[in-house]
Amino acid sequence: MPEETQTKSPASTDAPAAAPAASGSTSSTPAPAPVRTRSSGGRGKFFRRKKVCKFCTEKIDAIPYRDVRLLQGFVAERGKIVPRRLTGVCTTHQRRLTRAIKQARNIALLPFATRH
Ligand SMILES: [Zn+2]
């Protein structure tokens, strides 16, 4: 027998044609979703929590140092000013905030950093 490799099928995975049986089959399996190849170059796995400066969003230009409640949100328990990284305040407002907090401290609205 001469071995002739005529039927040289290319390596192509033909999707099996899911022919639904016409003869009333109740158990019809849904066709599986095609496997998508993951496109590289997507976004990173971890989203940074979108932190927008509170003062920018609320359009607060000058930070009122008398607003203790507002300031307290940016002051840690001990009276420390919370760093920008944690609060998400922009540089400009962080500066103003710092000044406001210091002013508030001076008039005893906020505690100084307690040493204990
Ligand atoms: Zn800002």
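Given the structure is predicted, the values throughout are model-derived calculations rather than measurements. Throughout, a residue's number is its position along its own chain's written sequence, starting from 1. Local features in this predicted model are restricted to residues of pLDDT 70 or higher, and side-chain atom pairs are both shown and tallied only at a pLDDT of 80 or more, whereas totals for entire chains, interfaces and linings draw on every residue.

(A) Structural view of unusual backbone geometry. A positive phi angle is found at K59, which is not glycine, with a value near 55 degrees. With respect to the secondary-structure elements, K59 resides in the loop between α1 (54-57) and α2 (68-72). In this structure, A108 takes a positive phi of about 60 degrees despite not being glycine. Counting through the fold element by element, A108 comes out in the segment after α4 (91-106). The exposed category is assigned to A108, around which 8 C-beta atoms lie within 10 Å. The helix count covers DSSP runs of H or I at least four residues long, the strand count covers runs of E at least two residues long, and both are numbered beginning at the N terminus. Backbone-placed C-beta atoms define the burial measure: a residue is buried with 20 or more other C-beta atoms within 10 Å of its own, exposed with 12 or fewer, and partly exposed in between.

(B) Region of interest: the environment of I107. Within the secondary structure, I107 sits in the segment after α4. Looking at I107, the number of C-beta atoms within 10 Å reads 9, which means it is exposed.

(C) Main features of the nonpolar core. Note on definitions: a nonpolar core is a set of buried residues drawn from Ala, Val, Leu, Ile, Met, Phe, Trp, Tyr and Cys, linked by C-beta atoms within 7 Å. Counting residues in each nonpolar core, the largest one holds 10 residues, listed as I63, Y65, L71, F74, V89, L97, A100, I101, A104 and L110. No other element matches α4, which puts four residues into this core. Sequence-distant contacts of F74, defined by excluding residues within four places in its chain, comprise I81, V82, T87, L97 and I101. Whether two residues are in contact is decided by their C-beta atoms, placed from the backbone, lying within 7 Å.

(D) Structural view of α4. How far a helix is expected to stretch is found by multiplying one less than its residue total by 1.5 Å. Its 16 residues give α4 an end-to-end C-alpha distance of 23 Å, which sits within 8% of 22 Å, the value for a rise of 1.5 Å per residue. For α4, the complete set of buried residues consists of H93, Q94, L97, A100, I101 and A104. Summarising the axial view, the buried residues of α4 lie within an arc of 125 degrees, below the 170-degree limit, and thus occupy one face. α4 presents T91, T92 and N106 as exposed residues on the side facing more than 90 degrees away from its buried surface. Contacts made by the buried residues of α4 are with α1, α2 and α3 (84-87). After α4 finishes, the residue A108 shows a positive phi value of roughly 60 degrees. In this description, the arc belongs to the directions extending from the helix axis to the C-beta atoms.

Interpretation note: all reported values are geometric properties and have no functional meaning in isolation.
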